[in-house]
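Understanding the architecture of this molecule
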Amino acid sequence: MTAAPEPISRVTTSPHAPPSFHAGELTDPRLSAALKTLELTVRRRLDGVLHGDHLGLIPGPGSEPGEARTYQPGDDVRQMDWSVTARTTHPHVRQTIADRELETWMVVDLSASLDFGTALCQKRDLAIAAAAAITHLTSGGGNRIGAVVATGEQLVRVPARSGRVHAQSLLRSIATTPHARDGVRGDLRGGIESLRRPQRKRGLAVIISDFLGDIDWQRSLRAISARHDLLAVEVLDPRDLSLPDIGDVVLHDPETGRTREFTVTPTLRADFAAAAQRHRDQVEQALRSCGAPVLTLRTDRDWIADVVRFVSTRRHSFGAPTGRVPRQ
């Protein structure tokens, strides 16, 4: 599932693509320019959906009671408002007002399977762009944000702090994280586990990954969900889901180091697409069981438009059951 064609084909820069980041290759001025471009893109496109209440990418955890709304299947029964239910004879749940100071932690998967892209950008670029959007959407009002970057070879931890200078430093640290060596498997579970110690106050945990490979992180994520709100950002490339009709091809798996030659036949394409869909369904089920809504970003789509759509949908369904925004 982590195989990638060699060589990787790249499409020229598009207005819908995030800037390209190549750790170890960008000089400091170029890196600063790329981060500035990313910041301006995020601010220009997302500020319009942030006016109004103090709400970020998803409603933060709260301790103060808010308005009541009609119960929907999948709601947490612990939030039932029995007085309103009795008065209206219809089940209602009580929403909570997001706390003003929210601590957000991102687990950013930059394993070798993300050093790949066949459309507008690499998945690594898209993961960094997602981190920038989340940072912008959650870092205002004294909120703190930190990150754990997992490559499979190392874990890079950036402590949670507030302020714009810290936000810029955090994104720089993520963007300059060295690539894992060929043959090193990713360790998403290790990144998630690192959020459990030391214990932190209730906040928001965001997992950014392509979620390829074994689903060995479910128990760790469920443990995180007992204390924190969750958000999963799924980063995909079209070739993660289907193979093109290109005849003979060499496929290389960067996380095992194995290379194999294939002839892409209709049968192989159908089998690959079916296997990819089964894995994606399993990932969705695992995330849903942990209570994590899923934002899907693709290298062949306008990623910032997908973020805006997700934020708008979450606002209109505030407090509704968690789940995936409809696939597109």
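Residues numbered from 1 in each chain as written. Predicted model: local features only at pLDDT ≥ 70, side-chain atom pairs only at ≥ 80, totals over all residues. Heavy atoms only, no water.

Moving on, we get to the overall build of the protein. Across its full length, the protein carries 9 helices and 11 strands. Looking at the protein as a whole, 50% of its 328 residues qualify as buried. Counting only contacts in the protein whose residues sit at least 6 apart along the sequence, the fraction spanning at least 24 positions is 78%. With an accessible surface of roughly 15600 Å², the protein has 51% of that area assigned to carbon and sulfur atoms. (Helix = DSSP H or I, 4+ residues; strand = E, 2+ residues; numbered from the N terminus. Buried < 20%, exposed > 50% of the residue type's maximum accessible area, 1.4 Å probe, protein only. Contact = heavy atoms within 4.5 Å. Areas by Shrake-Rupley, 256 points an atom, 1.4 Å probe, with all protein chains shown as cover.)

Further remarks concern the sheet that holds strand 5 (residues 144–150). Pairing in this open sheet of 6 strands is mixed, and the strands run 6-5-4-7-8-11 from one edge to the other. Only two strands of the sheet have a single partner each, and these edge strands are strand 6 (155–161) and strand 11 (294–298). In this sheet, neighbouring strand axes are inclined to one another by 15° on average, regardless of whether the strands run parallel or antiparallel. Here strand 5 runs beside strand 6; their pairing, made up of 5 bridges, is antiparallel. From the neighbouring strand, V148 faces strand 6, where its bridge partner is R157. (Pairing = 2+ DSSP bridges. Axes fitted to C-alpha atoms, helices over the stretch in contact; angles between N-to-C directions.)

With 12 residues, helix 4 (residues 164–175) should reach 16 Å at 1.5 Å per residue; the first-to-last C-alpha distance of 17 Å fits that figure. All of the buried residues in helix 4 are H166, A167, L170, L171, I174 and A175. The elements touched by buried residues of helix 4 are helix 1 (28–46), strand 4 (103–109), helix 3 (123–138), strand 5 and strand 6. (Expected span 1.5 Å × (residues − 1).)

Turning our eyes to something else, we now look at the packing of helix 1 against helix 3. One can describe the packing of helix 1 onto helix 3 by two numbers: an axis separation of 10 Å at closest approach and a directional angle of 55°. By the angle between their axes, helix 1 is oblique relative to helix 3. Handedness of the crossing formed by helix 1 with helix 3: right-handed. Facing helix 1, whose interface residues are L38, V42, R43 and L46, helix 3 presents I128, A129, A132, A133, H136 and L137. Considered class by class, the residues forming the contact of helix 1 with helix 3 number 8 nonpolar, 1 polar and 1 charged. (Parallel < 35°, antiparallel > 145°, perpendicular 65-115°, else oblique. Left-handed = near helix turned anticlockwise from the far one by under 90°. Nonpolar A, V, L, I, M, F, W, Y, C, P; charged D, E, K, R; others polar.)

Before going further, it helps to examine the side chain of T85. Its location among the elements puts T85 in helix 2 (residues 82–88). In this structure the side chain of T85 is engaged in a polar contact, spanning 2.8 Å, whose partner is the backbone oxygen of D81. A polar contact of 3.0 Å, which involves the side chain of T85, links it to the backbone nitrogen of H92. Discounting chain neighbours no more than four positions away, the residues touching T85 are M80, H90, P91 and H92. (Polar contact = N/O pair within 3.5 Å; in protein donor to acceptor, adjacent residues only side chain to side chain.)

On to the pattern of salt bridges. Applying the stated criterion across every chain, the model contains 15 salt bridges. Here K123 ties to D210 by a salt bridge, and the two come within 2.9 Å at their closest N and O atoms. Of the two residues, K123 is situated in helix 3 and D210 in the loop between strand 7 (204–209) and helix 6 (218–225); the sequence distance between them amounts to 87 residues. When its relative accessible area of 1% is taken as the criterion, K123 is described as buried. (Salt bridge = Lys/Arg side-chain N within 4 Å of Asp/Glu carboxyl O.)

Function cannot be read off these values alone, since they describe shape.
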